[in-house]
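These are the residues of each chain, in order.
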Amino acid sequence: MAIGRSPRADVRRSSSSFSSTAVIVVFVALCLVGVWMMTSSSVVPVQNIEISHDGKVDVKDTVTEPNSRQFEDNPGVLPEDATKGDSNQSSPQDETNTQIQDDQKSSQQSNGDASQENQVQKSEESGDKVTGTDDTSNPEKSTGSDDTSNPEKSTDTVTGSADASNIDKSTDRATGSDDTSNPDIEKISGESKTEDGGSNSESGETKTEGGETNASDKSESVANPGETKEEDKMGGQTEETQDKDSENSSDNKEDEDKSQVQNEVLPDAAQAEIQNETTTQNGAFSTQRSESKNEKEVQQSSVTKDESASEYRWKVCNATAGPDYIPCLDNAYAVRRLRSTKHYEHRERHCPEEPPTCLVPLPEGYRKSIKWPQSRNKIWYFNVPHTKLAEIKGHQNWVKVTGEYLTFPGGGTQFKQGALHYVEFIQEELADIAWGKQSRVVLDVGCGVASFGGFLFDKDVLTMSFAPKDEHEAQVQFALERGIPAISAVMGTTRLPFPGRVFDVVHCARCRVPWHIEGGKLLLELNRVLRPGGYFVWSATPVYRKESEDVGIWKAMSALTKQMCWDLLIVKKDTVNRVGVAIYRKPLSNECYEKRPQDDPPLCKESDDPNAAWNITMQSCMHKLPVEASERGSQWPEKWPLRLEKPPYWLKSTELGVYGKAAPEDFTADHEHWKRVVSNSYLHGMGISWSDVRNVMDMRSVYGGFAAALKDLNVWVMNVVTIDSPDTLPIIYERGLFGIYHDWCESFSTYPRSYDLLHADHLFSKLKTRCSLVAVIAEVDRILRPEGKLIVRDKVEIIKEVEKMAESLQWEIRLTYNKDSEGLLCLQKTVWRPKEVETNASAIA
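Small disclaimer: the values here were computed from a predicted structure and weren't measured.

A. Structural context of the state of the cysteines. Scanning the model with the defined rule gives six disulfides in all. A sulfur-sulfur distance of 1.9 Å marks the disulfide that ties Cys317 to Cys358. Classification of the bridge connecting Cys317 and Cys358 rests on its S-S torsion, roughly 100 degrees, and on that basis the disulfide is right-handed. In this pair, Cys317 is assigned in strand β5 (residues 316–318) and Cys358 in the loop between α13 (332–336) and β6 (378–380), connecting sequence segments 41 residues apart. Across the pair, Cys358 and Cys317 agree in class, each one buried. The side chain of Cys328 participates in a disulfide bridge whose partner is Cys351; the two sulfur atoms lie 2.0 Å from each other. On the sign convention where negative means left-handed, the S-S torsion of about 110 degrees between Cys328 and Cys351 marks this disulfide as right-handed.

B. Focus on the sheet that holds strand β8 (residues 405–407). Taken in spatial order, the three strands line up as β6-β8-β7 in an open sheet, and their pairing is antiparallel. Edge positions in the open sheet fall to β6 and β7 (400–402), since each of these has one partner strand only. With strand direction ignored, the average angle separating the axes of adjacent strands in the sheet is 30 degrees. Here three bridges tie β6 to β8, and the two strands are oriented antiparallel to one another. Following the sheet pairing, Trp380 is matched in β8 by Tyr405.

C. Layout of the sheet that holds strand β22 (residues 822–828). The seven strands are arranged β18-β17-β16-β19-β20-β22-β21 in an open sheet whose pairing can be described as mixed. Every other strand in the sheet has two partners, leaving β18 (739–742) and β21 (812–819) as the edge strands with one partner each. Taking the axes of each pair of neighbouring strands and ignoring which way they run, one obtains an average angle of 15 degrees across the sheet. Strands in contact with helix α27 (residues 773–783) are β16 (695–698), β19 (755–761) and β20 (784–795); relative to β20, the strand with the most contacts, it is inclined by about 140 degrees.

D. Molecular detail of the confidence of the model for the chain. Here the chain averages 76 in pLDDT, while 64% of its residues score no lower than 70. Contacts for the low-pLDDT stretch residues 267–274, under 50 throughout, to residues beyond four places or in other chains number 17 contacts. Contacts for the low-pLDDT stretch residues 294–309, under 50 throughout, to residues beyond four places or in other chains number 41 contacts.

E. Inspection of a positive patch on the surface at higher detail. A contiguous patch of positive charge, built from Lys416, Arg510, Arg545, Lys546, Lys573 and Arg578, is present on the exposed surface. Within the secondary structure, Arg510 sits in the loop between β12 (503–509) and α18 (521–529). Classification of Arg510 as partly exposed rests on a relative accessible area of 33%.

F. Quick look at unusual backbone geometry. Here Asp600 and Pro601 are connected by a cis peptide whose omega angle stands at 0 degrees. Mapping Pro601 onto the fold places it in the loop between α21 (591–595) and α22 (642–645). Positive phi values are uncommon outside glycine, yet Arg512 reaches one of about 60 degrees. Tracing the chain through its elements places Arg512 in the loop between β12 and α18.

The rules behind each value
- Residues numbered from 1 in each chain as written.
- Predicted model: local features only at pLDDT ≥ 70, side-chain atom pairs only at ≥ 80, totals over all residues.
- Heavy atoms only, no water.
- Disulfide = S-S within 2.5 Å.
- Helix = DSSP H or I, 4+ residues; strand = E, 2+ residues; numbered from the N terminus.
- Buried < 20%, exposed > 50% of the residue type's maximum accessible area, 1.4 Å probe, protein only.
- Pairing = 2+ DSSP bridges.
- Axes fitted to C-alpha atoms, helices over the stretch in contact; angles between N-to-C directions.
- Contact = heavy atoms within 4.5 Å.
- pLDDT = per-residue confidence, 0-100.
- Patch = residues over 30% accessible without salt bridge, like charges linked within 9 Å, V, L, I, M, F, W, Y side chains within 5 Å.
- Areas by Shrake-Rupley, 256 points an atom, 1.4 Å probe, with all protein chains shown as cover.
- Salt bridge = Lys/Arg side-chain N within 4 Å of Asp/Glu carboxyl O.
- Lys, Arg positive; Asp, Glu negative; His and termini not counted.
- Charge placed at Lys NZ, Arg CZ, Asp CG, Glu CD.

Right under this line is the structure:
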């Protein structure tokens, strides 16, 4: 009997066979998925991206609805920040739900191959978590944006977020995000719209004419992962660029509002023309270095390397002078080796071989300086804690100790009843001196505490005061703390650091200088710097006392000044101060020189340049006076303040100025430039309280335009012309301003904490080839008061280097600005001092 087949058995066999087939299919599918995962980053959902009218980009997934629902409900292992961007995009997505559904239906119809769809679904379910929304919260993961700067490139792939837990691979994957800040994108994610409204995606899936998906194109895409990574990388760079463009566009309005001020802070192309110095052969100005042929070699050092802030290790200077340390005047090592101190050689400059890089300590109890004009009458005792001068000169009203202040009654050795009366007495006796009009720039020799110059400010007169350091304790330091111009210097064996024929008046009130000895060498040095027709005001005991020594000096001075062809205009005694004043005048021509019976003092050789002043030995001779009407010194300058703005008559149009224009035009352009910069930027745009500023230094002055622009403020400006710059210092004096020659590879002859503001225009870039910038900044720190400001205009790389050093000094960076290759930096010094100490062998007495 034949045994019939059981239907249940057939069903079992059929079910078993079907199960085996299903297992095989699933196994093969998993193998394919595994291979695909190894060679590709993730599944690529086709997206339609539309740009709304408001510039926002809507991203629409074209995967099947179940998958779409799955991704919305189950973000898988995506980090939290990956979902934040989704919520940000919810509003525009809700507005286009209808369009999304239509696109999803169209996608389902185009994917007719059920097995292929199942594979895609299974592969997605097996571990690849895909989000079709734009992750705008994390731009580092949004690396699929197309490079919109080059529309011809449309090969970028959009790959949706892969397994977010694998951070190491995330940089090679794109998330399909778009830069929503750029509404002008024409091609996004490598897709371009076709004529029939469909999309041709070059990300691996290409629509065929019948709407079928070309699987071979997908295979090619998967088989070339290197191209995908390169494209993703390009897309990431593009999005970063777009993000920056977005930030820049948001700042455009603010930038436009500031453009006028910024153009003055750093001039535009037209104005920048005067910022570039020329090295023309027929320039109007030589340099102080070339003029000073016999100067000692300028200290050379290797080019400073660009050190990072961490490499700047500042220490406090351990020097005998302590908080008053002046490196070139406190070089005890050099002073001990001098052969003689007969001519005050020990008070002259002796700079150490290596400029110090340590920081000078603050005196204990230091306080912010009192403002001008109150400071003229009193200063804080602990800022200059010296009482010796008060003890010695207290009865002469130089300085007194009054509680926590040092007070200055306005007197001096020769004007015990007040300097202002003394100043007015001189003009009463000689009306031609015309303080503040005819006579504008004065040199005060042996100035004491500089009360004479301090009260000449009331007459619109600018006085360069100087005295030796420690001859009377801290006299110049008192002057600077009071807000009165002064430097530490002595009349010894070398010329004063000023050009020839520049001072309108030279003053000596019992300055204790032996003018008559050694052929009158010291008085002849004053003759060098005194303008033709200028005045020498001498109020010393030989003028009015009758002791034998005084009488002898008066006779010697009378003979010497007669041989020098100086005219003695008046000898008058002041009944109030009970001192006498003698006023001499320098001749205006060479006629007297030629008529002298004896050539004594002799005339200087033609080769002797009266403007050579840096480390030049004094000569016992007189320079001939200018004869030609076009020569400097042949005419008296315009009266103040007209002389400030008018180009000097002796600037020749046939010679080029510093910046390459005809010299008079160069002068005018510089003047107008600094007026704009100071008015539009420095006075209002730097955050500087100018009422707190009194002592100012322009570390590289050129024509003195910066100082001229500050004319209406209660400040005075020390203009410095560096020895390797065009020698424009005579022009500065001609304008009614003053200044000094200096080499910034050495220490400046002033006490620490002398200046409220330093201005350096393209100085540091020029010093970098000769000096250690670290030493220069240490010197800047030395002479700048705590809370003082430093303004630097220079090349961008120099600005960055100075900024690093300022940060290491713990200075406050108040402003930094770059334009093209030029930069501007404003810094404020703090009271910070390092804890480590460095002993300077040369500074230990």
